[in-house]
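What the coordinates show
Each chain is listed here by its residues.
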Amino acid sequence: DIQMTQSPASQSASLGESVTITCLASQTIGTWLAWYQQKPGKSPQLLIYGATSLADGVPSRFSGSGSGTKFSFKISSLQAEDFVSYYCQQLYSSPCTFGGGTKLEIK
Amino acid sequence: QVTLKESGPGILQTSQTLNLTCSFSGFSLNTSGMGVGWIRQPSGKGLEWLAHIWWDDVKRHNPALKSRVTISKDTSSSQVFLKIASVGTADSATYYCARIEDGYYGAMDYWGQGTSVTVSS
């Protein structure tokens, strides 16, 4: 199985700041990576697919980069609604494992 | 408009079989490149991928569940089913189904609202 190591598990930041979350894959996955946002009590929402492509309707302050085994997810100019949880997922091979998640908190 | 909705028993006893249904609209599993996956999330914890099924009936499941998982579909009724045998308290979670599309590198672009399952001993 491919392990996805996501860091940090939690991060404090201020409104307007930028934050970056990292996912490391235990083996190469090309660009078969997605990022999701999950608000409390809600279903996850797709933000990024193919490591770098923005899903429909997602604000441009969200971005993804990377390939192979190292991936990054960046939120530029944090808004109040961005302080929720984020997950990466590899889709290269089954089981399609998720990272452990990152919870963003307001500083 | 794509929608998915999960349904299940709510509460069941250990060693029973969990049967979940995902009813969807706005797309068809007769269409090349379409699939449906199941994911679960224990309260306060992260996401766990369970299984998925494609338009051509290719199926994959998470081996961590030791073959307790079965996924199937009824294309004519736009439903996908997940069965987990011999449940234990560790199977208590919110269960989600989601659409998968080849064009999105297999990412899950639409999700249901989730159904809560509690396994009682």
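Residues numbered from 1 in each chain as written. Chains lettered and ligands numbered in written order. Predicted model: local features only at pLDDT ≥ 70, side-chain atom pairs only at ≥ 80, totals over all residues. Heavy atoms only, no water.

**With respect to the overall build of chain B**
A count of helices and strands for chain B gives zero helices and eleven strands. In chain B, the order of α-helices and β-strands from amino to carboxyl end is β-β-β-β-β-β-β-β-β-β-β. A compact globule built from 121 residues would reach a C-alpha radius of gyration of about 14 Å, and chain B, at 14 Å, matches this within 12%. Overall size of chain B, expressed as C-alpha extent along the three principal axes, is 40 × 25 × 25 Å. Taking all 121 residues of chain B together, 45% fall into the buried category. A fraction of 53% describes how many contacts in chain B between residues 6 or more apart in sequence connect residues 24 or more apart. (Helix = DSSP H or I, 4+ residues; strand = E, 2+ residues; numbered from the N terminus. Rg over C-alpha atoms; globule rule 2.2 N^0.38 Å. Buried < 20%, exposed > 50% of the residue type's maximum accessible area, 1.4 Å probe, protein only. Contact = heavy atoms within 4.5 Å.)

**What about unusual backbone geometry?**
As a rule of thumb, non-glycine residues mostly have phi less than zero, and peptide bonds are mostly trans rather than cis. At the junction of S7 of chain A and P8 of chain A, the peptide bond is cis and its omega measures out at -5° in the coordinates. Cis geometry marks the peptide bond from S94 of chain A to P95 of chain A, where omega comes out at 0°. Note that P95 of chain A resides in the loop between strand 9 (85–90) and strand 10 (102–106). Backbone geometry places S15 of chain B, a non-glycine residue, at a positive phi of 80°.

**Here's the deal with the sheet that holds strand 7 (residues 69–74) of chain B**
All names here are of chain B. Here we have four strands laid out as an open sheet, ordered 1-3-8-7, and antiparallel in their pairing. With partners counted over all chains shown, the strands left at the sheet margins are strand 1 (3–7) and strand 7, one partner each. Across this sheet, the average inter-strand angle for adjacent strands is 15°, counted without regard to direction. One ladder, built from six bridges, connects strand 7 with strand 8 (residues 79–84); its direction is antiparallel. Paired with T70 across the bridge in strand 8 is K83. (Pairing = 2+ DSSP bridges. Axes fitted to C-alpha atoms, helices over the stretch in contact; angles between N-to-C directions.)

**Let's talk about the interface of chain B and chain A**
On the side of chain A, 20 residues touch chain B, which itself brings 24 residues to the contact. Taking both sides of the interface into account, the surface hidden between chain B and chain A amounts to around 1,700 Å²; carbon and sulfur atoms contribute 66%. Inspection of the region where chain B meets chain A yields zero salt bridges. The interface formed by chain B and chain A contains seven residue pairs in polar contact (both at pLDDT 80 or more). (Buried area = accessible area lost by both parts, 1.4 Å probe. Salt bridge = Lys/Arg side-chain N within 4 Å of Asp/Glu carboxyl O. Polar contact = N/O pair within 3.5 Å; in protein donor to acceptor, adjacent residues only side chain to side chain.)

**Looking at the environment of A51 of chain B**
Looking at the secondary structure, you find A51 of chain B in strand 5 (residues 48–54). Leaving out residues up to four positions away in the same chain, A51 of chain B has contacts with V36, G37, W38, R60, H61, V69, I71 and L82 of chain B.

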